[in-house]
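Commentary on secondary and tertiary structure
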Amino acid sequence: MTGSASQRLLNAGDTLFNEGDVGHEAYLIETGAVEIYVERPEGRRVLAVLGPDDLFGELALIGDQTRTACACATASTRLSVITHDTLADQLERASPLLRHLLRVILARCRNNLRMIGAGETFQPDQIVRAPETGGDGNLAIKRLRLEQAIAEAMRKGELVLFYQPIVRLGSGHIVGFEALVRWRRSDGSLVPPSEFIGVLEDSSLILEFGRWAIRRAATDLHLLGADYHPHRVDDEPLFCSVNLSVRQFGDPDLLPAVRSAVGDCGLQPGQLRLEITESGLLNNLQAALELIEQCHQLGCRVVVDDFGTGYSSLWYLHSLPVNGLKLDRSFLQDSTRSQRGLRIVRAVGRLAVDLDMYAVAEGIETPEQAAICHDLGLDFGQGFFFSKAVPVAEAQALLRQQAEAL
C-alpha cells in the first residue's frame, strides 16, 4: 500500500546499512536496540545507541541518500520501515513554508553528522539528536502506528461498510442508505470510528479504500434492492450514499470505479450518490467543481454533507450543480430549543424545494424531532430514532419488515 509503513526484523549483530550505502528509507524502532557508528582507522566510533520509539535514517528520505554512518542491531529488533512515499504523503499536505524548513533542518543535520564523523576530537555527547519524544513526537508515532494498523485491517478485510437508513419523514419508509465505514476486528469487536476515520481519510490509504467502498456499496445496494418495495408510485429506486474525503477529489481512478461499479451491478447511475462535506467542498472548490461536473456527466448525484457549517453556502449552491443537502445535526438540536433554529430548518427545506434538491435532516433521535422536520418541509431524515448503522444483512431485514407491513 503506497504511503504506509512495513516491518523489518533483525537479529542481534545484523547490519542494517553501512556508511556510504545508498538508502531510501528511515526506521522507527518498535522493540530492541540499534547502534549507530562510523568506522575510522583508529577503530569504531559509536555515535548513538537507540531504543524503542527512536527514529533514525531519516536523512536518506530527502536530498543526498548516501548513508553517513552504519547501523547495527545490538539485540533482537523490530523496525517500522518508513519509505519516501510515506514522507511525500505527509509533505503533500504540509504548507510550503513547513516543507522548506524541514528540508533546511535536515540538510544542516546531515552536514553536522558528516563533520562529527570526520572530526578527530569527537565526543559522544556531540551527536545531533532529535528532541526527547513527547507532544508532537508522540502524536506522530501514534499516527504512524495507526496507519500501519489500518493498512493491516484493510488487508485482512476488517474494514467493512454498515448502512444507516434514510427515510421519508411522512411515512417512515426507508428510501435509501448511507454507507459508513466500520472497523470490525477478527474477534468481532468494533473500533470506534472517531479513533481511525480521520487518519484513514488523511492518508493515501483512502484512495484504495474509497474505490473498494464504492464497489462494495454498489454490490450491497444491488442485493438490498431485491427486498425494496416503493411506498409511493413516485418513489425512485433505492439509493445509497458513499462519503468522499478531500483526498479523493483528485483521484483519476475514482469516477472509473463508480462507472464500473454501477454498470457491473446493474444499477441506475442516480442510485449511487457521493457525499462531500461542505468544508471539504469550500476548501477545494476547483477540484470539487471538476468532480461534480464529471459526476453529472456520469449521471451520478452529489450531495453536500454537514450543510450549514461552511461560510458561503448560498454562493456555492448558486455556482455548483449539487443535487442534495444534508442538514447538519446541530441545526436540528437548535430547532428543539429556539425559534431561530426552527426558522433555519424551515428555510433549508424551502431552499431545497426551490432548487429542485432533496434535503435530509441528520441526527434525528426522537419522534418529536422527526415530526418537527416533517412539519417544517423536510422530506427525508436519518438518525438513531429510525436506526443506527447496521451490517448489510440487518439492512435487508429492515427492508423485509417494511415490505411485510405494506
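It is worth spelling out the overall build of the protein chain at this point. Looking only at helices and strands, one finds 13 helices and 17 strands in the protein chain. Per-residue burial over the protein chain gives 47% buried out of 406 residues. Total accessible area computed for the protein chain in this model is approximately 19,900 Å², and 52% of it derives from carbon and sulfur atoms.

On to the nonpolar core. Among the nonpolar cores identified, the biggest contains 85 residues, and Ile150, Leu159, Phe209, Leu281 and Val322 are the most heavily contacted of them. Considering every element that reaches this core, the biggest residue donor is helix H5 (residues 205–225), with nine residues. Ignoring sequence-local partners within four residues, the contact set of phenylalanine 209 consists of Met154, Leu159, Leu161, Val181 and Leu200. The next biggest cluster of nonpolar side chains, apart from the first, holds 17 residues, and it includes Phe17, Leu50, Ala73 and Leu79.

As summarised here, the arrangement of the four strands in space is S1-S8-S3-S6, forming an open sheet in which the pairing is antiparallel. Two strands close off the open sheet at either side, each with one partner strand: strand S1 (6–10) and strand S6 (55–56).

Per-chain confidence: the protein chain averages 85 in pLDDT, with 84% of residues scoring 70 or above. Confidence drops under a pLDDT of 50 for residues 120–135, and excluding neighbours within four residues, the segment shows 21 contacts in the predicted structure.

With that out of the way, let us pick up the pairing of strand S14 (residues 301–307). Among the seven residues of S14, five are classified as buried, and the element is accordingly described as predominantly covered. Of the pairings in the sheet, the one linking strand S13 (residues 272–277) to S14 comprises five bridges and is parallel in character. Bridge pairing in S14 links threonine 277 to aspartate 305. Sheet topology places S14 next to strand S15 (residues 324–327); three bridges connect them, and they run parallel. Opposite valine 304, over in S15, you have leucine 325 as the bridge partner.

Let us look at helix H11 (residues 339–354). Along its 16 residues, H11 runs 22 Å from first to last C-alpha, staying within 8% of the 22 Å computed at 1.5 Å per residue. Of all the positions in H11, only Gly341, Leu342, Val345, Val348, Gly349 and Ala352 are classed as buried. In a view along the axis of H11, the buried residues occupy a sector of 125 degrees, so they form one face of it. When the buried face of H11 is taken as reference, the exposed residues oriented beyond 90 degrees from it are Gln339, Arg340, Arg343, Arg350 and Asp354. Looking one or two residues beyond H11, the residue adopting positive phi is aspartate 356, at roughly 60 degrees.

Now for helix H6 (residues 254–264). Three- or four-residue spacings in an α-helix give side chains the same orientation, since the helix completes a turn every 3.6 residues. By the burial criterion, the buried members of H6 are Leu254, Leu255, Ala257, Val258, Ala261 and Val262. Buried residues in H6, looked at end-on, bunch into an arc of 155 degrees, giving them a common side. More than 90 degrees from the buried face of H6, the exposed residues found are Gly263 and Asp264. Trailing H6 by a residue or two, glycine 266 shows a phi angle of about 65 degrees, which is positive.

A sheet is described by the order of its strands in space; here four strands give the open sequence S2-S7-S4-S5, paired in antiparallel fashion. A single partner strand is all that each edge strand has here, and the edge strands are strand S2 (15–17) and strand S5 (43–50). Neighbour-to-neighbour, the strand axes of this sheet turn through a mean angle of 30 degrees, independent of strand direction. Note that strand S4 (residues 34–40) and S5 share seven bridges and pair antiparallel. In the strand pairing of S5, valine 38 is matched with arginine 45.

When you line up the elements, asparagine 323 lands in the loop between helix H9 (313–319) and S15. On the basis of relative accessible area, asparagine 323 is assigned to the buried category, the value being 19%.

The rules behind the values
Residues numbered from 1 in each chain as written. Predicted model: local features only at pLDDT ≥ 70, side-chain atom pairs only at ≥ 80, totals over all residues. Heavy atoms only, no water. Helix = DSSP H or I, 4+ residues; strand = E, 2+ residues; numbered from the N terminus. Buried < 20%, exposed > 50% of the residue type's maximum accessible area, 1.4 Å probe, protein only. Areas by Shrake-Rupley, 256 points an atom, 1.4 Å probe, with all protein chains shown as cover. Core = buried A, V, L, I, M, F, W, Y, C linked by side-chain atoms within 4.5 Å. Contact = heavy atoms within 4.5 Å. Pairing = 2+ DSSP bridges. pLDDT = per-residue confidence, 0-100. Expected span 1.5 Å × (residues − 1). Arc of directions from axis to C-beta. Axes fitted to C-alpha atoms, helices over the stretch in contact; angles between N-to-C directions.

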